[in-house]
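Now for the letters of each chain:
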Amino acid sequence: MKGSFSMIGKKVWNRHLLHASLSNSVFQLLVSLGFMTLIFRFTPPFFGGDLDTARGYLSTVASTLATILALSFSMIMVAIQLTASKYTHRVLDFFVRFPFNTTLIAFYFGTIFHAIYLLSMIEDHPSDRPSNWLAQGMSADLLLLIMCFTALITYLYFVIQLLKPETIVYAIQREYVTAYQGGDYQEALDKVEQICDIAKKAVSEMDAVTAVFCVENIAEMMHGAKLPSEDADDVLWYHEKIVGQLIGIASISFKERETAVSGRILDELHEMGMRYAESGSLKAAGSVIDAFALIVRNNLVGQQMVNMIQQAVEQIFSITCHVVKNREMTKDTSRFVLSSFQNLGEIGKLVIKNETYGHSFVAKCIVSHAFGQLLSTIIGPEGHKTLGVVRALLFEYMKLAKRLILKSEIIDIVQITTWLRKEMIPHRDQPNRTYPYLYLFLLMTSEAVYLRRTDIVMLLIRAVGKYFAPDQKLLLTLCRSRLEIRRFFDYHEPERYLIKAFVLWQGYHAYTSMYPSGPERQIELSGAVEDQSAWRDLFDGLDPEMFLGGGTTH
């Protein structure tokens, strides 16, 4: 019930109070004048004072109402000016169109003028008592005085509501809907820009509640607009403009460290990206991916806001996976996937360069499980039949992987090997599913060989080599692609590194086949303690050799 009354109140507020036309104001004036006429005509005479009292009474009524009206409007204008300077000048427009202005001025001016008129009509009388028509007029002025104070209190309440930023936003949104439904898209975009300006000022004033409210309203406008599609991108420009406005708000919110506003913007961009993916517009979805990348590059990297970077990266992966799930793997889809991961690659490079634990972040959030979800979505049941786009994607992957192999700690590479094992081992009997992963495994291992990261070579081979037999066709495929992959080897000939990695893989697989649980060997205990005399006190002065002679154990 409370929610119903709230909704009714909002409808009344938006349809009547904030959008009063000239005809509405004239109507308010006529109603006010008619109401005052009825009071003047039918109020019974209950004033009982003499003529001097009447003169004092009418003077007091006129001066009091004039003073209160002047002070009230002065304070209101100051408040409106402060609100306009803090949020938007549009509050002035709404105040000018406020229909209660007409009603309040009519009541106050009508009462003041009537009191002055009666004051001018008072004549001395032998009985020193006012006539009946004068007494009736002063009685009516008393009722109007009460109504003026009541109207002022009501008026102040609605003005306070008008000064609330959410009320202003709600009114601008209504104007936006009118402009959009009327086909005036440029005017509609102007309304969006006005709300964005309010959001930016709110962020600057540390008013996160207002800023989030503005972002939610902008998102609602986007949801209500026609979506671009694969066949009709005629409204793409419209959505790109709104996305650009959200980027502007994000820039300020990240600068001011307003994480609530920033997170809300990222969530709204993600939701729109998912909607674009479902509508089939790769260009629109790509604009959202580019927006994420722009926000990260310009506002997040180097600011110790890794949690926000992680959120943006996850949402880019999410949108890309959603596109792959809802479309066939055409050339356009392949280009979209590669473009998305190229954005992620640029983010990864910047994070590695500027963040304290950049290598760990890239290993955890970009080149392991999140990437694995995208890769498995692309591969699907068809396996390496889609190797064209997969290979191009793996080459983009290697640009980041090389940086990790070169300088990262071994614990970071464990993120990758854990992901590889998780993706590959459940599908050991499905060569089509595991082929792209083995392709990547051999490429990464040979890269580690080239960079002389023996520890990483052993880690990769131990993670995969035990479960998968070496495939010479895979080696031949990579060797045939040596012109494409030699950039990862600083344009050295990659073949020898591929062969060396393959031989190590082959040898380790043979070793684990022979010794599944590792070899059994004797452990030599003798000679374990070299400087035995230093431990004489441990044995209460006796010769340590008697007890540290050692032997062997199995």
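*Asks:* Looking at this structure, how should I read the confidence of the model for the protein chain?
*Replies:* A low pLDDT score tells you not to read the predicted coordinates there in detail. Scored by pLDDT, the protein chain comes out at a mean of 83, with 91% of its residues at no less than 70. Note that residues 1-18 has pLDDT below 50 and, in this model, 27 contacts with residues that lie over four places away or in other chains.

*Asks:* Sorry if this is basic, but what is going on with the packing of helix α11 (residues 259-279) against helix α13 (residues 306-326) here?
*Replies:* At a minimum axis separation of 9 Å, α11 and α13 run at an interaxial angle of 10 degrees. It follows that α11 is roughly parallel to α13 by the angle criterion. Packed against α11, whose contacting residues are Thr259, Ser262, Gly263, Leu266, Asp267, Leu269, His270, Gly273, Met274, Ala277 and Glu278, the element α13 presents Met308, Gln311, Gln315, Ser318, Ile319, His322, Val323 and Asn326 at the interface. Looking at side-chain class alone, the contact of α11 with α13 contains seven nonpolar, 10 polar and two charged residues.

*Asks:* I would appreciate a short explanation of the side chain of Thr434 in the present structure.
*Replies:* Inspection of the secondary structure puts Thr434 in helix α19 (residues 431-450). Relative accessible area serves as the criterion here: at 4%, Thr434 is assigned to the buried category. Residues in contact with Thr434, not counting those within four places in the same chain, are Met424, His427 and Phe468.

*Asks:* In this structure, what is going on with the packing of helix α21 (residues 472-480) against helix α23 (residues 495-514)? I would like to understand it.
*Replies:* For any two helices packed against each other, the geometry comes down to the angle between their axes and how far apart the axes lie. Orientation of α21 relative to α23, taken along the N-to-C sense of each, is 165 degrees, at an axis distance of 10 Å. With respect to α23, the axis of α21 lies roughly antiparallel. Seen from above, α21 lies across α23 with right-handed handedness. Two secondary-structure elements touch here, α21 through Gln472, Leu474, Leu475, Leu478 and Cys479 and α23 through Glu495, Leu498, Ile499, Phe502, Trp505 and Gln506. Of the residues in the contact of α21 with α23, the class split is eight nonpolar, two polar and one charged.

*Asks:* So what exactly am I meant to see when it comes to unusual backbone geometry here?
*Replies:* When glycine is set aside, most residues are seen to have a negative phi, and most peptide bonds are trans. Backbone geometry places Arg257, a non-glycine residue, at a positive phi of 60 degrees. Inspection of the secondary structure assignment puts Arg257 in the loop between α10 (236-255) and α11. Backbone geometry at Asp490 places phi at a positive 55 degrees, although glycine is not the residue there. Assignment of secondary structure puts Asp490 in the loop between α22 (482-485) and α23. By relative accessible area, which is 40% here, Asp490 ends up partly exposed.

*Asks:* I'm lost on a nonpolar patch on the surface in this one. Help?
*Replies:* Judged by side-chain polarity, Ile105, Phe109, Phe113 and Ile116 come together as a nonpolar surface patch covering roughly 380 Å² of accessible area. Judged by relative accessible area, which is 54%, Phe113 ranks as exposed.

*Asks:* Can you walk me through the packing of aromatic side chains in this structure?
*Replies:* Two descriptors summarise a pair of aromatic rings, namely the distance from one centre to the other and the angle between the planes of the rings. In this structure the tally under the stated criterion is 21 aromatic pairs. Ring geometry for Phe502 and Trp505: centres 5.8 Å apart, planes at 75 degrees, overall edge-to-face. Here the residue Phe502 and the residue Trp505 both occupy positions in helix α23, the gap between them amounting to three residues, near one helical turn. What makes Phe502 buried here is its relative accessible area of 4%. Geometrically, the ring pair formed by Tyr508 and Tyr511 is tilted, given 5.9 Å between the ring centres and 45 degrees between the ring planes. Of this pair, Tyr508 and Tyr511 are both found in helix α23, three residues apart, which corresponds to roughly one turn of the helix. What makes Tyr511 partly exposed here is its relative accessible area of 34%. Connected via pairs of aromatic rings, a cluster forms that spans Phe317, Phe341, Phe371, Tyr397, Trp419 and Tyr437.

*Asks:* Where do I start with the pattern of salt bridges in this structure?
*Replies:* Two side chains carrying opposite charge are able to pair once their charged atoms lie near each other. In this structure the tally under the stated criterion is 12 salt bridges. Note that Glu396 is salt-bridged to Lys399, the shortest N-O span being 3.3 Å. Taken as a pair, Glu396 and Lys399 lie in helix α17 (residues 387-407) at a separation of three residues, close to a single helical turn. Judged by its relative accessible area of 14%, Glu396 falls in the buried class. Salt-bridge contacts for Lys402 lead to Asp490; the nearest nitrogen and oxygen are separated by 2.7 Å. Within this pair, whereas Lys402 is found in helix α17, its partner Asp490 is found in the loop between α22 and α23, the two being separated by 88 residues in sequence. The structure contains a network of salt bridges with shared partners spanning Glu175, Glu187 and Lys191.

*Asks:* It is not clear to me how α17 should be interpreted in this structure. Could you clarify?
*Replies:* Because each turn of an α-helix spans 3.6 residues, side chains separated by three or four positions end up pointing in the same direction. Here α17 contains 21 residues, and its C-alpha end-to-end distance of 29 Å stays within 8% of the 30 Å for a straight helix at 1.5 Å per residue. At Lys399, α17 shows its maximal kink, close to 30 degrees.

*Asks:* It is not clear to me how the environment of His239 should be interpreted in this structure. Could you clarify?
*Replies:* By the element assignment, His239 lies in helix α10. According to the relative accessible area criterion, His239 is buried, its value standing at 2%. Separated by 213 residues in sequence, His239 and Arg452 place their C-alpha atoms 49 Å apart. Each residue touching His239, except ones within four places of it in the same chain, is listed here: Met222, Ala225, Lys226, Leu227, Pro228, Met272 and Tyr276.

*Asks:* Would you take a moment to explain the environment of Ser339 for this structure?
*Replies:* With respect to the helices and strands, Ser339 occurs in helix α14 (residues 331-354). For Ser339, a relative accessible area of 33% corresponds to the partly exposed category. Each C-alpha atom, one on Ser339 and one on Glu495, is 29 Å from the other, the two residues being 156 residues apart in sequence.

What counts and what doesn't
- Residues numbered from 1 in each chain as written.
- Predicted model: local features only at pLDDT ≥ 70, side-chain atom pairs only at ≥ 80, totals over all residues.
- Heavy atoms only, no water.
- pLDDT = per-residue confidence, 0-100.
- Contact = heavy atoms within 4.5 Å.
- Axes fitted to C-alpha atoms, helices over the stretch in contact; angles between N-to-C directions.
- Helix = DSSP H or I, 4+ residues; strand = E, 2+ residues; numbered from the N terminus.
- Parallel < 35°, antiparallel > 145°, perpendicular 65-115°, else oblique.
- Nonpolar A, V, L, I, M, F, W, Y, C, P; charged D, E, K, R; others polar.
- Buried < 20%, exposed > 50% of the residue type's maximum accessible area, 1.4 Å probe, protein only.
- Left-handed = near helix turned anticlockwise from the far one by under 90°.
- Patch = residues over 30% accessible without salt bridge, like charges linked within 9 Å, V, L, I, M, F, W, Y side chains within 5 Å.
- Areas by Shrake-Rupley, 256 points an atom, 1.4 Å probe, with all protein chains shown as cover.
- Salt bridge = Lys/Arg side-chain N within 4 Å of Asp/Glu carboxyl O.
- Phe/Tyr/Trp six-rings, centres within 6.5 Å; stacked < 30°, edge-to-face > 60°.
- Expected span 1.5 Å × (residues − 1).
- Bend = angle between axes of the 7 residues up to and from the residue.

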